[in-house]
Amino acid sequence: MLINTVFFFLATQISYLSIIGYGTLLNKKSFENIWLENFVNFFIGLILLNLTGQILYYLNINSEFLNLIIIFVGFIYFFIKGNKNTFFKIIFLNLIFFSGLVISKLHEDWPYHFSFIEQISLHKPIIGIGNVDDIHILSASFFSFVQKLFYLPIYDFKLILIPVYLVYLNIVIFLIQNILKSSKKISQIFIIILTILAIKLARISEFGYDYLSNIILLKILILYLVNEQNKKNNILFKTFYITLFLYAVSIKITALFFSPILIYILISDYLRDKRINFFNSYNLLFYIFLICILFESFLRSGCFIYFLEISCLKNDLISWSIDFHRVNDHSMHIELWAKGFYIQNTIFDASSYLDIKNWFHIWFYNHFFYKIFEFILIPFILLIYFFVQEKIHINNKKYYFLFIASILSILLWLFYLPQLRFGFTNIIVFFISLYLIFLKTDQKIINKKNYFVFIVILMLFFNFKNFNRINNEFKRDDVHKFSNFPFPPEKRIKKSKISNNSIKFLTNNDKIINEYKWFLIIN
């Protein structure tokens, strides 16, 4: 048990540095802040590995030994090009937050996500996979192609949650390192974000890809705030905002609710310096990534954007084009679930239930008070504290537009899929816009001792919560008893047994499977 735990920790550390190492391949610009460089390089590396996993899948190259080599090459490159001065601090912070990765229970959407991860890790490419019986496979996260690379010798799928945890770790490390070095305004905003992450997302690997997508959207907000503070405006962030947004959408399309906020950020940055740099490595990454996303959607569904019918080609042109009625039915099912249709027994007609006067009160009493209210208490209490400590003053009026953008994003979320997991970043932006409007904190010097103590308290709370959870999971007598410590539950990451001449999926409406040497087509 101890040896496995040490190995698991070392695997997270090597993987984290490997991803940053790959990010340095594309990023040639120095930000004069090594933590900011690591912050940006991590996501550049993550996207590059995403694209690598996709290419390997469609070339039908499935080798756990090659995956291992890819991870170690990035690790080596970190020590060639990266800043080694951050090495021990990263190890320490990883050790502090590592308990959030150790779980015995996975999120409710895990079965279909794992089914897709197993497919792209072990089997021939399937063109037209949207025609399988489980429509969820159509929207399986693009992030799965990173996880494909964590199918490794001996350990099989035991390490595939590592990249999910590392996204969380990356943003937490950046916040902690910059709270004590930034202006008072930025430090207090980062305190709000860090508190929410440490308290409400303490078991990051248990949450689905919805949370992962929202964390990436938070990164856009953080970079915008850093840009606002920095007098040397970083014009490269403009393209990186869009690339991160595209990445978040590729993980979960509910990231589209963030669109009004993204538009505000792009316009605000442009008005600040009125410059656009069309020739940089971020633009190249964006174009390649966009092409790969469209390519992926097309190969899965025959649609360039699978959730837009207008982008779909007809069956007489593309044999594997999906029946779009299935997409519409699935979208309605998700909306009904999000608005509480399946927990009430008074309205049985689905269309009638979606009238706001029918669903809102059910949602309000069953979801708002259960999850959203306790979530918003954290930024609300911190804002009240800052209001008491600082001067309340109408600050720069441009933040009115950030406030309006956050309201629009929240309304989109509320009227379509009002579950916390689909829109918590929009709620955070709303509270931060209030801070920016009403608080005037001109002081550049912060009380480092108080902030340091607060961060330590958050770390202690995070670990107390997780160690208590892990202890309770050892004592359980049900299917969630911790029996594969420290790895995810063995039954949930077990490989399927299928014959050589079949696939692991049932097809929809007797669709035909055509097998070729390197791939399959379902049409």
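Everything below is about the structure shown above.
Throughout what follows, the structure given in this document is the object of discussion. For clarity, every value in this text was computed on a predicted model and none was experimentally measured.

1. Let's talk about helix 11 (residues 259-273)
For helix 11, which comprises 15 residues, the first-to-last C-alpha distance of 22 Å matches the rise-based estimate of 21 Å (1.5 Å per residue) to within 8%. Residues of helix 11 that are buried: Pro260, Ile261, Leu262, Tyr264, Ile265, Ser268, Asp269 and Asp273.

2. Observations concerning the layout of surface pockets
In this structure, the largest pocket encloses a volume near 1200 Å³. Around the largest pocket sit 42 residues that line it, and Ser139, Ile253, Thr254, Tyr306 and Phe307 are the ones nearest its centre. Mapped onto the lining of the largest pocket, the elements with two or more residues apiece are helix 10 (236-251), helix 12 (281-301), helix 13 (324-338) and helix 17 (420-438). Of the residues belonging to the lining of the largest pocket, the class tally is 25 nonpolar, nine polar and eight charged.

3. Observations concerning the side chain of Gln54
Among the secondary structure elements, Gln54 is positioned in helix 2 (residues 34-58). Dropping the residues within four chain positions of it, Gln54 is found in contact with Phe142, Phe145, Cys292, Phe295 and Glu296.

4. Examining the packing of aromatic side chains
Evaluation of the coordinates by the stated rule reveals 59 aromatic pairs. On the numbers, 6.5 Å between centres and 75 degrees between planes, the contact of Phe97 with Tyr168 is edge-to-face. Of this pair, Phe97 sits in helix 4 (residues 87-97) while Tyr168 sits in helix 7 (residues 162-179), and the two are 71 residues apart along the sequence. Through a chain of ring-to-ring contacts, three or more aromatic side chains come together here, namely Trp359, Phe360, Trp363, Phe364, Tyr365, Phe368, Phe369, Phe373 and Trp413.

5. A few points about the sheet that holds strand 5 (residues 520-522)
Pairing in this open sheet of three strands is mixed, and the strands run 1-5-4 from one edge to the other. Strands at the two margins of the open sheet, each flanked by one partner only, are strand 1 (126-127) and strand 4 (513-515). Pairing of strand 4 with strand 5, which is carried by three bridges, proceeds in the antiparallel orientation. Paired with Glu515 across the bridge in strand 5 is Leu520.

6. Quick notes on the nonpolar core
Among the nonpolar cores identified, the biggest contains 184 residues, and Phe97, Phe190, Ile193 and Tyr247 are the most heavily contacted of them. Tyr247 has contacts with Phe43, Leu46, Ile47, Asn50, Phe143, Val146, Ile216 and Phe289, leaving out every residue within four places of it along the chain. If you look at the next biggest cluster of nonpolar residues, it comprises eight residues, including Leu138, Cys312, Phe324 and Val327.

7. A word on the state of the cysteines
All chains considered together, the criterion is met by one disulfide. One disulfide bridge connects Cys303 with Cys312, the sulfur atoms lying 2.0 Å from each other. Between Cys303 and Cys312, the S-S torsion sits near 100 degrees, and that sign places the bridge as right-handed. Each member of the pair Cys303 and Cys312 is classed as buried. Note on Cys292: no disulfide assigned, nearest cysteine sulfur contributed by Cys303 at a separation of 18 Å.

8. Brief notes about the side chain of Gln419
Along the chain, Gln419 falls in the loop between helix 16 (399-416) and helix 17. Assessed through its relative accessible area of 10%, Gln419 is described here as buried. Only 2.9 Å separates the side chain of Gln419 from the backbone oxygen of Ala338, close enough to count as a polar contact. If near-sequence neighbours (up to four positions away) are discounted, Gln419 is found in contact with Trp337, Ala338, His367 and Trp413.

9. Thoughts on the pattern of salt bridges
Using the criterion set out here, one finds seven salt bridges in the structure. The salt bridge involving Arg421 is made with Asp210; its shortest N-O contact spans 2.6 Å. Here the residue Arg421 occupies a position in helix 17, and Asp210 occupies one in helix 9 (residues 209-229), the gap between them amounting to 211 residues. Between Lys357 and Asp355 there is a salt bridge whose closest N-O contact spans 2.8 Å. Taking the relative accessible area as the measure of exposure, Asp355 reaches 32% and is therefore partly exposed.

Criteria and thresholds
Starting from 1, residues in each chain are numbered consecutively following that chain's sequence as written. Per-residue local features of the predicted model are confined to residues with pLDDT of at least 70, and side-chain atom pairs are confined, for both listing and counting, to 80 or more; whole-chain, interface and lining totals are unaffected and use all residues. The basis for the side-chain values is all heavy atoms of the structure; hydrogens and waters are excluded. Labels follow the DSSP assignment, with helices taken as runs of H or I lasting at least four residues and strands as runs of E lasting at least two, numbered in each case from the N terminus. In a helix, the anticipated span is given by 1.5 Å times the number of residues less one. Throughout, exposure labels follow a simple rule: accessible area from a 1.4 Å probe, protein chains only, divided by the maximum for the residue type, with under 20% read as buried, over 50% as exposed, and the rest as partly exposed. Residues are said to line a cavity or pocket when one of their atoms sits within 4 Å of a point; the points come from a 1 Å grid over protein atoms alone, cavities being sets where a 1.4 Å probe fits but cannot get out and pockets being open sets with protein on both sides within 12 Å along at least five of seven lines. Grid points are joined across faces, edges and corners, and a volume is the space filled by probe spheres set on the points. Under the grouping applied here, Gly and all other residues not named as nonpolar or charged are polar, the nonpolar ones being Ala, Val, Leu, Ile, Met, Phe, Trp, Tyr, Cys and Pro and the charged ones Asp, Glu, Lys and Arg. The contact criterion used is simple: two residues touch if any of their non-hydrogen atoms lie within 4.5 Å. Side-chain rings of Phe, Tyr and Trp (the six-membered ring for Trp) are treated as a pair once their centres are within 6.5 Å; stacked means planes under 30 degrees apart, edge-to-face means over 60, and tilted covers the remaining angles. Between any two strands, pairing holds if DSSP finds at least two bridges. Nonpolar cores are built from buried Ala, Val, Leu, Ile, Met, Phe, Trp, Tyr and Cys residues. Side-chain atoms within 4.5 Å join them into one set. To count as a disulfide, a pair of cysteine sulfur atoms needs to be within 2.5 Å. Throughout this description, a polar contact denotes any pair of N or O atoms lying within 3.5 Å of each other; where both atoms belong to protein, one of them has to be capable of donating a hydrogen while the other can accept it, and for residues adjacent in sequence the pair is counted only when both atoms sit in side chains. Salt bridge criterion: a side-chain nitrogen from Lys or Arg within 4 Å of a carboxyl oxygen from Asp or Glu.

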